[in-house]
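Each chain, letter by letter, is given below.
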Amino acid sequence: MGFKEGVCPKCHERIQVPEDRERILCMYCGQEIETAAAVSALKEEKEIAAKGMSCMDIYGEVEEDFLSMLSKLDDPMKGFKKQTYEGMFREYYRQNLYIIEAIEKAYCVAEDKDAFIRQISSDFVGRAKEALDAIGKKSKKEDRQIRNNMAMVVYIIPAIVEFKGASSQILSDTLVEIWNDTFDKTCIKTSSYDLIESGFKRRFCYITTAVCESLHKGDDCYELNLLRDYRDSYMLSREDGEAVIQEYYNVAPTIVKHISRRPDSDEIYQGIYENYLKKCVHLIEENELEECRRIYSDMVEEMEKQFFFSEDSRRS
C-alpha cells in the first residue's frame, strides 16, 4: 500500500494519505476526511506559500461577504421549527461555506492568529452596530436586535462551529464575546447545530432548566419533559408562537445569569417553582393549555422586571 503526503483540511497538520482509501480519520484531530481533499489541501497550501499571500490577502477575497452575513439574514425565525430547521441550516451552511473556508485558510497562515480573529470579529460586530445605530425608532431598533441575536445563535455561530476547523472555536467564541460586550441587554452563547437540534426536544427552557437544576432535578425530569413537549406542540402551533420564542431568546439567558450570581439564587428558584412552574405543570395535565401560556408569560415578564438588569445597571 502506497502513501501520498497531504494536509488535513480541518486541522491543517501534515499527514500521510494511503492511496487505496477514499476516506480516513486524521491522526491529529480525529475528523473523518476525504483523502483527495487532503492531497488538494497540500497543493493549495504550497500555491499560497509560493504566491506569498498574507492572511489579509486571503481574507480580503471574502471580507465583504463575511461582514454581510448578518444583514442577509432578515428573518432568522423563518423555518425555525423542528420539522424544517435541519434543511434550512444545511442550505445556509452550504451557501456560506466558501466564506468560512477562506477565513480558515487565512487563519492558518496568520502570524498572529489571535489578533487576526479579534480583528475580523470586531469588524463584523462593528458593521452590525452601525446598522443598528442607523435605526431611529426605539421599538424597531429593539426588534432588529432580537432578530440579530437570533441570527447569530441559530445560523451564523452554528455554521462556524459546524466547519470544525482550527479557527472554528476561537472565531465563534470571540464573536460571542465582542457581541455581548457591544450590545446592551444581550447575553448570547456559543451554539452549534447539534445543540440546537437536541434543543428542539428540550426547547431551550433556560429558566425552567435553571429552576430544576437548583432543585436537583435531572435534565429528563417529569416537569422539564412536560413543559418541553408543551412548547413544541402547543406554543409553536400558535400564530404568535415564533414571536414569543424570539422574545424569550433575548431575555431568558440574561435573567438566569443574573439570578445565578445572587447568594439567594436557590430561594429565588424555589419561589419560581412554587409560584409558577407547579401551576403550569398542573394546567398542562388538565389540558388547560392557554392558561398555562398566560402563567408562563407572566413568569417571564415578572422575572424580566426583577432580574433582567444587573445591580450595577440599576445603580447607574
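Residues numbered from 1 in each chain as written. Predicted model: local features only at pLDDT ≥ 70, side-chain atom pairs only at ≥ 80, totals over all residues. Heavy atoms only, no water.

A.B. asks: Is there a simple way to explain the overall build of the protein in this structure?
C.D. replies: Secondary structure summary: the protein contains 14 helices and four strands in total. Viewed in the frame of its principal axes, the protein has a C-alpha envelope of about 65 × 50 × 40 Å. Looking at the protein as a whole, 46% of its 316 residues qualify as buried. Here the contacts in the protein between residues at least 6 apart in sequence split such that 66% fall between residues at least 24 apart. Total accessible area computed for the protein in this model is approximately 16,500 Å², and 48% of it derives from carbon and sulfur atoms. (Helix = DSSP H or I, 4+ residues; strand = E, 2+ residues; numbered from the N terminus. Buried < 20%, exposed > 50% of the residue type's maximum accessible area, 1.4 Å probe, protein only. Contact = heavy atoms within 4.5 Å. Areas by Shrake-Rupley, 256 points an atom, 1.4 Å probe, with all protein chains shown as cover.)

A.B. asks: Any chance you could explain unusual backbone geometry here in plain terms?
C.D. replies: For residues besides glycine, phi is generally negative; the peptide bonds are generally trans as well. Positioned with a positive phi, K164 is a non-glycine residue whose angle comes to about 60°. Structurally, the position occupied by K164 is in the loop between α6 (138-163) and α7 (168-182). The class of K164 is partly exposed, set by a relative accessible area of 36%. For H216, which is not a glycine, the phi torsion comes out positive at approximately 60°. As for its placement among the helices and strands, H216 is situated in the loop between α9 (206-214) and α10 (222-233). Since its relative accessible area comes to 74%, H216 is described here as exposed.

A.B. asks: Can you walk me through helix α13 (residues 289-307) in this structure?
C.D. replies: Given 3.6 residues to a turn, an α-helix orients residues that are three or four positions apart in the same direction. Compared with an ideal rise of 1.5 Å per residue, which puts 19 residues at 27 Å, α13 spans 26 Å between its outermost C-alpha atoms and is within 8% of the ideal. Listed in full, the buried residues belonging to α13 are C292, R293, I295, Y296, M299, V300, M303 and F307. (Expected span 1.5 Å × (residues − 1).)

A.B. asks: Sorry if this is basic, but what is going on with the pairing of strand β1 (residues 3-7) here?
C.D. replies: A regular strand carries its side chains on alternate faces of the sheet. Taken together, the five bridges between β1 and strand β2 (residues 14-18) define a ladder with antiparallel strand orientation. By the bridge assignment for β2, E5 is matched with Q16. Between β1 and the antiparallel strand that follows it, β2, lie six residues; H12 among them carries a positive phi value of about 65°. (Pairing = 2+ DSSP bridges.)

A.B. asks: Explanation requested: α9 in the structure shown.
C.D. replies: Within α9, seven of the nine residues are buried, which leaves it mostly tucked inside the rest of the structure. All of the buried residues in α9 are I207, T208, T209, A210, V211, C212 and S214. With its phi angle positive at about 60°, H216 sits one or two positions after the end of α9.

A.B. asks: Any chance you could explain the packing of aromatic side chains here in plain terms?
C.D. replies: When we look at a pair of aromatic rings, we describe it by the centre distance and by the angle of the planes. Taken as a whole and judged by the stated rule, the model has ten aromatic pairs. Ring geometry for F89 against Y93: centres 6.2 Å apart, planes inclined by 20°, an arrangement best described as stacked. Note that F89 and Y93 are positioned in helix α4 (residues 85-109) at a spacing of four residues, about one turn of the helix. With respect to class, F89 is no different from Y93; both count as buried. One aromatic cluster is present, built from ring pairs that chain together Y85, F89, Y92, Y93, Y155 and Y193. We note R90 situated over the ring of Y193; from NZ or CZ to the ring centre the distance is 4.3 Å. If you follow K113 out to its NZ or CZ, it ends over the ring of Y107, 5.7 Å from the centre. (Phe/Tyr/Trp six-rings, centres within 6.5 Å; stacked < 30°, edge-to-face > 60°. Lys NZ or Arg CZ within 6 Å of the ring centre and 35° of its normal.)

A.B. asks: When you look at the nonpolar core in this model, what are you seeing that I'm missing?
C.D. replies: Most often, soluble globular proteins have nonpolar side chains that are buried together. Ranked by internal contacts, the top residues of the largest apolar core, which has 50 residues, are Y59, F66, F116, F124, I156 and W179. At the level of secondary structure, the elements contributing two or more residues to this core comprise α2 (55-60), α3 (63-67), α4, α5 (113-133), α6, α7 and α8 (193-202). Considering each element in turn, this core owes the most residues, twelve residues, to α6. Not counting residues within four places of it along the chain, the set of residues in contact with F66 comprises Y59, I99, I103, I120 and F124. Counting residues in each nonpolar core, the second largest holds 32 residues, with Y230, V251, Y276 and Y296 among its members. (Core = buried A, V, L, I, M, F, W, Y, C linked by side-chain atoms within 4.5 Å.)

A.B. asks: Looking at this model, I keep getting lost on the environment of V153. Mind explaining?
C.D. replies: Among the secondary structure elements, V153 is positioned in helix α6. Between the C-alpha atoms of V153 and D75, which are 78 residues apart in sequence, the distance is 13 Å.

A.B. asks: Where do I start with the confidence of the model for the protein in this structure?
C.D. replies: Parts of the prediction with low pLDDT should not have their coordinates interpreted in detail. In the predicted model, the protein carries a mean pLDDT of 84, and 90% of its residues have values of at least 70. Helix α14 (residues 311-315) is the least confidently modelled element of the protein, averaging 45 in pLDDT, while α3 averages 97, the highest of any element. This model gives residues 312-316 a pLDDT under 50, and the stretch forms four contacts once residues within four places in sequence are excluded. (pLDDT = per-residue confidence, 0-100.)

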